[in-house]
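Chain and residue survey
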Amino acid sequence: FLLKDVNEATVGANPNDPVGFLLLDTVDLTGFRDIEISLRIAAATDLEVGEDFVVFDYALDTDIGSGYTLFKSFQTNGISTNMEEDTDLNLAADDGGTVIGTNMLDFSFNLPSTADSIQLRMRGSNTVAVELFIIDQITISGINYPEIVNLFPASGTASINPTTPT
C-alpha cells in the first residue's frame, strides 16, 4: 500500500482531507489466541515537521465499525523531516524512537486480549506529491488452540475403554 499526498488540493480528490484512510476487511479469529499484528513500513523523501503521520488502529468484535484502539504510530519529530516511531502512542514522535527511512522496517504488536474478530484501520497524512509512506505485509497471526474436551464429567464416572488393534 502506498500513501501519497492525501491532502491534495484538487477538489474532490480526498473526501477525508487532510487524512487518508485504509479500512481492511474484518478477519475471523475464532479459535485463535496469542494474536500478533505485524507490518513493514518505509518513508521516502523529506516530510513536513509536525504535519505528516501514519497510525494504525484495531477494533475487536462488537467495536468493529465504531471503536478503534491505537496500536502503532509513526510521526514526524518536530525537529527535522524524519519520521519516527511513537513508542508511547501519544501521537508525537519520541526522541530515540526508531527512525523510518527508505528501507522497509518490521514492526509487530501483540494483541492484549482474545477476540473472535478483528478489523484494522490505517490513517495517515502527507502533504506533498513526492512524500511517500509505503506499508507492506500487514499480517495477523495466532495460534489455533484445539477445543478442550472434558473427559471427566462433573457428576458420575467416566470410563475409557481402549480397544486392541486388529
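For the structure itself, consult the block above.
Now for a look at the structure at hand. On a predicted model such as this, the values are computed, not experimentally measured, just so you know. (Residues numbered from 1 in each chain as written. Predicted model: local features only at pLDDT ≥ 70, side-chain atom pairs only at ≥ 80, totals over all residues. Heavy atoms only, no water.)

1. A look at the pattern of salt bridges
According to the stated counting rule, one finds four salt bridges in the structure shown. Through salt bridges with shared partners, a single ionic network connects Asp57, Arg121 and Arg123. (Salt bridge = Lys/Arg side-chain N within 4 Å of Asp/Glu carboxyl O.)

2. As for the pairing of strand E6 (residues 69-76)
Taken across its eight residues, E6 has six buried, putting it largely inside the fold. Relative to E6, strand E5 (residues 53-60) is paired through six bridges, and the arrangement is antiparallel. By the bridge assignment, Val54 is partnered in E6 with Phe74. In terms of strand pairing, E6 meets strand E7 (residues 83-85) through three bridges, oriented antiparallel. (Buried < 20%, exposed > 50% of the residue type's maximum accessible area, 1.4 Å probe, protein only. Helix = DSSP H or I, 4+ residues; strand = E, 2+ residues; numbered from the N terminus. Pairing = 2+ DSSP bridges.)

3. Re the environment of Gly96
On the secondary structure map, Gly96 appears in the loop between E7 and strand E8 (99-100). Judged by relative accessible area, Gly96 falls into the exposed class, the value being 72%.

4. Topic: the packing of aromatic side chains
In total, this model carries six aromatic pairs according to the counting rule given. Residues Phe71 and Phe109 carry aromatic rings whose centres are separated by 5.2 Å and whose planes lie at 35° to one another, so their mutual orientation is tilted. Here the residue Phe71 occupies a position in strand E6, and Phe109 occupies one in strand E9 (residues 105-110), the gap between them amounting to 38 residues. Taken as a pair, Phe71 and Phe109 share a single burial class, namely buried. (Phe/Tyr/Trp six-rings, centres within 6.5 Å; stacked < 30°, edge-to-face > 60°.)

5. What to know about the nonpolar core
Soluble globular proteins: nonpolar side chains tend toward being buried together. Ranked by size, the top nonpolar core spans 23 residues in total, and within it Ile41, Val54, Phe56, Tyr58, Phe71, Phe74 and Ile118 carry the most contacts. When residues of this core are traced back to their parent elements, those giving at least two are strand E4 (32-44), E5, E6, E9, strand E10 (117-125) and strand E11 (132-144). Element by element, the count of residues in this core is highest for E4, at five residues. (Core = buried A, V, L, I, M, F, W, Y, C linked by side-chain atoms within 4.5 Å.)

6. Some thoughts on unusual backbone geometry
Positive phi outside glycine occurs at Asp34, with the angle close to 55°. For Asp34, the position within the fold is in strand E4. Of note in this structure, Gln137 is not a glycine but carries a positive phi near 50°. In this structure, Gln137 sits in strand E11. The exposure class assigned to Gln137 is partly exposed, which follows from its relative accessible area of 48%.

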